[in-house]
Amino acid sequence: MSNIYQPPQEVDFNELKKYIETNKTKEAIEGIIAASLSCKDRDGLHYFIGDVLKNCQNNFIKNACIKACGHMVRIDGYINDDIISYINNLNNDVLYSGAISDFQDDVEIYLK
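Criteria and cut-off values
- Note on numbering: residues in each chain are counted from 1, in written sequence order.
- Totals for whole chains, interfaces and linings use every residue, but because this is a predicted model, local features are given only for residues with pLDDT of at least 70 and side-chain atom pairs only at 80 or more, for both listing and counting.
- Only hydrogens and water are set aside; all other atoms, that is, all heavy atoms of the structure, feed into the side-chain values.
- Helix numbers and strand numbers start at the N terminus; a helix is a DSSP run of H or I with at least 4 residues, a strand a run of E with at least 2.
- Three labels apply to residues, based on accessible area from a 1.4 Å probe with only protein chains included: buried if under 20% of the type maximum, exposed if over 50%, partly exposed otherwise in between.
- By this rule the span expected of a helix is its residue count minus one, scaled by 1.5 Å.
- Between two residues, a contact is recorded if the distance between any of their heavy atoms is within 4.5 Å.
- What we call a nonpolar core is a set of buried Ala, Val, Leu, Ile, Met, Phe, Trp, Tyr and Cys residues that are connected through their side-chain atoms within 4.5 Å.

A. Up close: unusual backbone geometry. The phi dihedral of Asn23 falls on the positive side, at around 60°, and the residue is not glycine. Assignment of secondary structure puts Asn23 in the loop between α1 (13-21) and α2 (25-38). With relative accessibility at 53%, the residue Asn23 sits in the exposed group.

Encoded structure:
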């Protein structure tokens, strides 16, 4: 690992889905974060991340999706209301508390 910033490499949704389905957690997390920062299909990204967030059982991947949603709020200036509700319903789960706090800050700053 280098300490020099490296721009994220875009991964398509099919490849990300394969990483998730085959439990390649590290690759899935890196791909989700990269997509949230640089994906050109922003509407498709919102749909994809929302679907993964709601259906994935891997807590690390779900946490990455919450972080990705914060990036999407900052970059796109919007997020689906269903995603906001879903994330807020996870608020009492200590596994996601840091990511949810950051997400809620992003919503408060960029959407209100």
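Still to come is the rest of the account.
B. Fine view of α2. Compared with an ideal rise of 1.5 Å per residue, which puts 14 residues at 20 Å, α2 spans 20 Å between its outermost C-alpha atoms and is within 8% of the ideal. Listed in full, the buried residues belonging to α2 are Thr25, Ala28, Gly31, Ile32, Ala34, Ala35 and Ser36. Against the buried residues of α2 lie α1, α3 (42-55) and α4 (59-76).

C. Representation of the nonpolar core. Ranked by size, the top nonpolar core spans 32 residues in total, and within it Ile32, Ile49, Ile66 and Phe103 carry the most contacts. Within the residue set of this core, elements represented by two or more residues are α1, α2, α3, α4, α5 (81-89) and α6 (97-111). Setting aside anything within four residues of it in sequence, one finds Ile66 in contact with Leu53, Ile87, Leu90, Tyr96, Ala99, Ile100 and Phe103.

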